[in-house]
Amino acid sequence: MADVWTLNPDYRTPRVPTDQATEPGPWRHPDGQVMNGAYERRRPKRRTEVVTVWYGYALSRCLGPRMPRFSSPLVSAWNPVLAQGLSCDPGAPTPYRDEHWCDRWIAEALLYGRKPYGTFTLPAEEALRWFAKSGGTGLVYRARAEGAAVRVVAGTTEPYERLFDLDSLIADYHEALPPGRAAAEVAALESHRGLSPALAYVLGEDAEARFAAAPRSVRGLTLGYPPRETAARVAADMLAG
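Along every chain, residues carry numbers that run from 1 in the direction the sequence is written. Selection of residues for local features in this predicted model requires a pLDDT of at least 70, selection of side-chain atom pairs for listing and counting requires 80 or more, and totals for whole chains, interfaces and linings are taken over all residues. Derived side-chain values reflect all non-hydrogen atoms in the structure, with water molecules and hydrogen atoms excluded from consideration.

### A closer look at the sheet that holds strand S7 (residues 149–156)
The pairing of strands in a sheet happens through backbone hydrogen bonds and is either parallel or antiparallel. Pairing between strands requires that DSSP locate at least two bridges from one strand to the other. Going along the chain from the N terminus, every DSSP run of H or I of four or more residues is numbered as a helix, and every run of E of two or more is numbered as a strand. The three strands are arranged S5-S7-S6 in an open sheet whose pairing can be described as antiparallel. Either end of the sheet is taken by a strand with one partner, and the two such strands are strand S5 (117–123) and strand S6 (139–146). Averaged over all pairs of adjacent strands, the angle between strand axes in this sheet comes to 20 degrees, irrespective of strand direction. By definition in these notes, contact holds between two residues if any of their heavy atoms fall within 4.5 Å. Axes here mean lines fitted to C-alpha atoms, for a helix over just the part in contact, with angles spanning 0 to 180 degrees between N-to-C directions. Its contacts with the sheet place helix H3 (residues 124–134) against S5, S6 and S7, and it is angled at close to 135 degrees to S5.

Okay, structure coming up:
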């Protein structure tokens, strides 16, 4: 059973193409059905492998520690993939239709509560429409004009302790990382309990610099990225340095 891929249903999964020009990719179920979605399987040494697949094409693949306690509707394997336009094979078809596709996805994900923080750049007319829609959503944003476009940094006003089950996440980090490194990441999460993404990383002239300097556990959670991917990067940092 360790080699069996299990689908995690997620409304973020991009729609499959409706045209006849795009052939399905090589990722298939044993019965030949085309895979489409975020799948995971257990691996040895308490690790979990996750792959995101669009119409049979792998967009991302990650092997990280098992972190079974934590879950959140704001966290998804799709969040880093669709926000960054990832693909395992640069030559393969992808759902990203134009240069602003990922920015539009981030903007919409923020509006509809699919991620708690993000940055995007859109043509001025589209950005103005986004500002109008953001009223009443609990988002705070900063914006600046960049030629004919507008760059936006936005985050929710809800504090981390209400957005996420921090106790479960902290328990998972204690098991996933060596004690010394786990303590540093856990301390960073603890210090954010009463803060919100908006308060910590949107308001203030140096907000983006503060975010770039934040520990990985905080940055990953703030962006709605899966903690197992973040923990895998923390472990890689330890080996590299």
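Text resumes after the structure shown.
### Topic: the pairing of strand S3 (residues 47–54)
Type-normalised accessible area, obtained with a 1.4 Å probe on protein chains alone, sets the label of each residue: buried when under 20%, exposed when over 50%, and partly exposed for intermediate values. Within S3, seven of the eight residues are buried, which leaves it mostly tucked inside the rest of the structure. Here strand S2 (residues 37–43) hands over to S3 after three residues, with Lys45 in that stretch at a positive phi of 60 degrees. As paired strands, S3 and strand S4 (residues 57–65) are joined by eight bridges and run antiparallel to one another. Pairing of Thr48 across the sheet is with Gly64, part of S4. In sequence, S3 turns back onto S4 through a hairpin of two residues, with Tyr55 there showing a positive phi of about 50 degrees.

### Quick word on H3
The complete set of buried residues in H3 reads Glu126, Ala127, Trp130, Phe131 and Ser134. In an axial view of H3, the angular spread of the buried residues amounts to 145 degrees, which keeps them on one side of the axis. Residues of H3 that are exposed and point more than 90 degrees away from the buried face comprise Glu125, Leu128, Ala132 and Lys133. Residues of H3 that are buried make contact with helix H2 (101–111), S5, S6 and S7. Trailing H3 by a residue or two, Gly136 shows a phi angle of about 85 degrees, which is positive. Summarising the geometry, the arc corresponds to the directions from the helix axis toward the C-beta atoms.

On their own, these measurements won't tell you what the molecule is for.
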